[in-house]
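Notes for the structure review
Listed here are the chains, written in short residue letters.
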2 protein chains.
Amino acid sequence: MATGRTHRPATRSRGIPEATVARLPLYLRALTGLSERSVPTVSSEELATAAGVNSAKLRKDFSYLGSYGTRGVGYDVEYLVYQISRELGLTQDWPVVIVGIGNLGAALANYGGFASRGFRVAALIDADPAMAGKPVAGIPVRHSDQLEEIIRDNGVSIGVIATPAGAAQQVCDRLVAAGVTSILNFAPTVLSVPDGVDVRKVDLSIELQILAFHEQRKAGEDVRDVAAPPPTTVAQDGASSRPAGAGARTDREGPDDELPAVMPA
Amino acid sequence: MATGRTHRPATRSRGIPEATVARLPLYLRALTGLSERSVPTVSSEELATAAGVNSAKLRKDFSYLGSYGTRGVGYDVEYLVYQISRELGLTQDWPVVIVGIGNLGAALANYGGFASRGFRVAALIDADPAMAGKPVAGIPVRHSDQLEEIIRDNGVSIGVIATPAGAAQQVCDRLVAAGVTSILNFAPTVLSVPDGVDVRKVDLSIELQILAFHEQRKAGEDVRDVAAPPPTTVAQDGASSRPAGAGARTDREGPDDELPAVMPA
DNA sequence: TATTGTGAAGGCATTCACAGCT
DNA sequence: AGCTGTGAATGCCTTCACAATA
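Residues numbered from 1 in each chain as written. Chains lettered and ligands numbered in written order. Predicted model: local features only at pLDDT ≥ 70, side-chain atom pairs only at ≥ 80, totals over all residues. Heavy atoms only, no water.

1. A closer look at the nonpolar core
Let me state the cut-off plainly: Here, nonpolar core refers to any group of buried Ala, Val, Leu, Ile, Met, Phe, Trp, Tyr and Cys residues whose side-chain atoms link them within 4.5 Å. Think of it in three bands: residues with accessible area under 20% of the maximum for their type are buried, residues over 50% are exposed, and the middle band is partly exposed, with areas taken using a 1.4 Å probe on protein chains only. When checking whether two residues touch, look at their non-hydrogen atoms; a contact exists if any pair is within 4.5 Å.
The biggest cluster of nonpolar side chains holds 116 residues, and the ones touching the most others in it are Ile-84 of chain A together with Ile-84 of chain B. Setting aside chain neighbours within four positions, we find Ile-84 of chain B in contact with Leu-24, Tyr-27, Leu-28, Leu-31, Phe-62 and Leu-65 of chain B.

Shown next as structure tokens:
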């Protein structure tokens, strides 16, 4: 990388790799923990361990943001927290809506990790009229008739879909039409969206299937001595690099599986 | 990087790339949908669209499994469903336990996508005595005192952790000690596990933060015409390739955020 | 001395483009 | 004629290893 040699690179190096972006929240969480324990500085080695990656990767990641460390010393925790927060856009307020208030939607509404990172749950939305008005996590559920109104009034640009698969695409269409440009999708469906809209998907069943694949491979030689599992301590790589592009056409209805949310089409 | 890998040099010529493994469940879901509509065959182009990837990638992925297609025709849907299921290890029964029956745990327990893919919820476990016996999704919740017993009696090798962050490592240790070798972790913590144990992580807050990063970048030129969003239709790449490695040492307690599950340490 | 920041190398993953079959 | 299967090309990400520097 061209050493801008400016102490603080005013030139925002536009090209932060996706893989790096996906790890920034990891670093931020580790740093927050250190910050709460009033640790002033941390080395790349220590921070990497806390975040579950290796130190070379961490240093390379940080090099894309700028030169925020001090050679021979390490990184200033508070300063790094600020820089990463800013880079991720967490210094501003992000109103989000959660659509589909079943068990999963309720879990999300109750999740404390949002508020502490600049995300504010502007509204909970469900299609079931019986739920309207009921408070979940202290926030009254509103009927989906008001979806567009809610989006516009609150300037919501991020939407979370926690509906059954069958309703997901319709909800998505309405969110996008109303102005949402980023969607976190928990429904097991491929969403179709216009260009310029980001979709990220979290699929519970897929993660389990990947585990099953690896589990199957272990069956052979690996007769673990269950009695005494050595409390080893290895470097963990919890990276998550998954691009999310525009939508693919999918005319068909959702498959058999549904998330247990309460929002029929 | 690959998971807590037992480095196996040449023993197994079964070298399916992680990125491919992560997409197999995607193909499987699309194929299941086609199967239910009694579609007999499908081309790589059609299937790729339904799964949200491009066809070259799909063909390359399938080439690692073998030559299951017919040139000039396409793939036999039923045959592919079987082959992929077998490759993923879904033709056998996988008893799983879910620990931490809060909203999220309940959502997981109710999730229909498990049963239909060879996963059987052997037990729901929670530390709250008040929950013991209560049925969730038709399955009675059992107290965590019985965790080891449940794991052994049911031959459980896959565990799902949906507890608050503070309890996750302890639960993880007990699961591993009892014989679990694959863990799906929803708690926002880096888990430390012995070599040979796979951990995959799902982190709700991280996904949102990545969306926020991209959302922030849009703010510049993109003054969306909210009135008429063009219902474009582009190819979407919803791949998910995220390795999960062995555990890193982390002495500290979990950060501020907790999943809203009901399982104090 | 201790630790960062980063070119360079190496390894994967994706995409291209076409030979090979049906 | 149409579609798969795959070498080759390309690009991205990770890891190495060390010069730069507080």
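Past the structure itself, the notes keep going.
2. Focus on the sheet that holds strand 9 (residues 182-185) of chain B
Residue and element names in this part refer to chain B. For clarity, the threshold we go by: Strand pairing is assigned whenever DSSP identifies at least 2 bridges connecting the two strands. Only DSSP runs of H or I covering at least 4 residues are called helices, and only runs of E covering at least 2 are called strands; the numbering of each starts at the N terminus.
Taken in spatial order, the seven strands make up an open sheet running 6-7-5-4-8-9-10, and their pairing is mixed. Edge strands, defined here as strands with exactly one partner in the open sheet, are strand 6 (135-136) and strand 10 (198-201). Relative to strand 5 (residues 119-126), strand 4 (residues 94-99) is paired through six bridges, and the arrangement is parallel. By the bridge assignment, Trp-94 is partnered in strand 5 with Phe-119.

3. Here's the deal with the packing of aromatic side chains
Rules: Any two rings among Phe, Tyr and Trp, with Trp reduced to its six-membered ring, count as a pair given centres within 6.5 Å; such a pair is stacked if its planes are under 30 degrees apart, edge-to-face if over 60, and tilted if neither.
Throughout the structure, instances matching the rule amount to 10 aromatic pairs over all chains. Ring centres of Phe-114 of chain A and Phe-119 of chain A lie 6.5 Å apart, and the angle between their planes is 70°; on these two criteria the pair is classed as edge-to-face. Taken as a pair, Phe-114 of chain A and Phe-119 of chain A share a single burial class, namely buried. Geometrically, the ring pair formed by Tyr-27 of chain B and Phe-62 of chain B is edge-to-face, given 5.1 Å between the ring centres and 80° between the ring planes. On the criterion of sequence distance, the pair formed by Tyr-27 of chain B in helix 1 (residues 18-36) and Phe-62 of chain B in helix 3 (residues 55-65) is long-range, its members being 35 residues apart. Taken individually, Tyr-27 of chain B and Phe-62 of chain B each receive the classification buried, so the pair is uniform in this respect. The rings of Tyr-27, Phe-62 and Tyr-75 of chain A are connected pair by pair, giving a single aromatic cluster.

4. Describing the environment of Pro-164 of chain A
Residue and element names in this part refer to chain A. With respect to the secondary-structure elements, Pro-164 resides in the loop between strand 8 (158-161) and helix 8 (165-178). Assessed through its relative accessible area of 10%, Pro-164 is described here as buried. Taking the C-alpha atoms as reference, Pro-164 lies 9.2 Å from Gly-102; in sequence the two are 62 residues apart.

5. Structural notes on the UniProt feature "DNA-binding region" (unreviewed entry) in chain A
To keep it simple, the criterion reads: UniProt positions are given in the numbering used here, feature names are shortened, and annotations may be inferred rather than shown by experiment.
The feature "DNA-binding region" (unreviewed entry), as given by UniProt, occupies residues 26-65 of chain A in the numbering adopted here. Counting secondary structure, residues 26-65 of chain A comes out at 75% helix and 5% strand; the distance between its end C-alpha atoms is 15 Å.

6. Focus: the protein's contact with DNA strand D
Spelled out, the test is: A cutoff of 4 Å decides nearness: a residue is near a molecule or strand if any of its heavy atoms lies inside that distance of it. Within 3.5 Å is the distance limit for a polar contact, defined as a pair of N or O atoms, with the added protein rule that one can donate a hydrogen and the other accept it, and that residues adjacent in sequence qualify only through two side-chain atoms. As a working rule, the residues Ala, Val, Leu, Ile, Met, Phe, Trp, Tyr, Cys and Pro are called nonpolar, Asp, Glu, Lys and Arg charged, and the rest polar, with Gly in that last group.
What surrounds DNA strand D is a group of 24 residues, the closest being Arg-23, Asn-54 and Arg-71 of chain A together with Ser-44 and Tyr-75 of chain B. Each atom of DNA strand D within 4 Å of the protein was assigned to sugar, phosphate or base; sugar and phosphate come to 65%. Contact distances for DNA strand D include 2.6 Å between a phosphate oxygen and a backbone N or O atom of Ser-44 of chain B. At 3.0 Å, a side-chain N or O of Arg-59 of chain B approaches a base nitrogen of DNA strand D. Secondary structure elements with two or more residues in the surface near DNA strand D: helix 1 (18-36) and helix 3 (55-65) of chain A together with helix 3, strand 2 (69-70) and strand 3 (74-76) of chain B. Class assignment of the residues belonging to the surface near DNA strand D gives a composition of six nonpolar, 10 polar and eight charged.

7. Focus on unusual backbone geometry
Residues and elements named next belong to chain A. The phi dihedral of Ser-38 falls on the positive side, at around 60°, and the residue is not glycine. Among the secondary structure elements, Ser-38 is positioned in the loop between helix 1 and strand 1 (41-42). Relative accessible area serves as the criterion here: at 60%, Ser-38 is assigned to the exposed category.

8. A look at helix 8 (residues 165-178) of chain B
Along an α-helix, a turn takes 3.6 residues, which lines up residues three or four apart on a common side. Residues and elements named next belong to chain B. Stated precisely, the cut-off is as follows: Multiplying one less than the number of residues by 1.5 Å gives the expected span of a helix.
Taking 1.5 Å as the rise per residue, helix 8 with 14 residues should run 20 Å; its terminal C-alpha atoms sit 21 Å apart, in good agreement. For helix 8, every residue scored as buried is listed here: Ala-165, Ala-167, Ala-168, Val-171, Cys-172, Leu-175, Val-176 and Ala-178. At its buried positions, helix 8 is contacted by strand 4, helix 7 (147-154), strand 8 (158-161) and strand 9. One or two positions beyond helix 8, positive phi appears at Gly-179, with a value near 120°.

9. So, the sheet that holds strand 7 (residues 139-143) of chain A
Residue and element names in this part refer to chain A. Rules: To obtain an axis, a line is fitted to C-alpha atoms, over the contacting stretch when the element is a helix, and the angle between two such axes runs from 0 to 180 degrees between their N-to-C directions.
In space, the seven strands of this open sheet follow the order 6-7-5-4-8-9-10, with mixed pairing throughout. With one partner strand each, in any of the chains shown, strand 6 (135-136) and strand 10 (198-201) form the two edges of the open sheet. Contacting strand 4 (94-99), strand 8 and strand 9 (182-185), helix 8 crosses the sheet at an angle of about 170° to strand 8.

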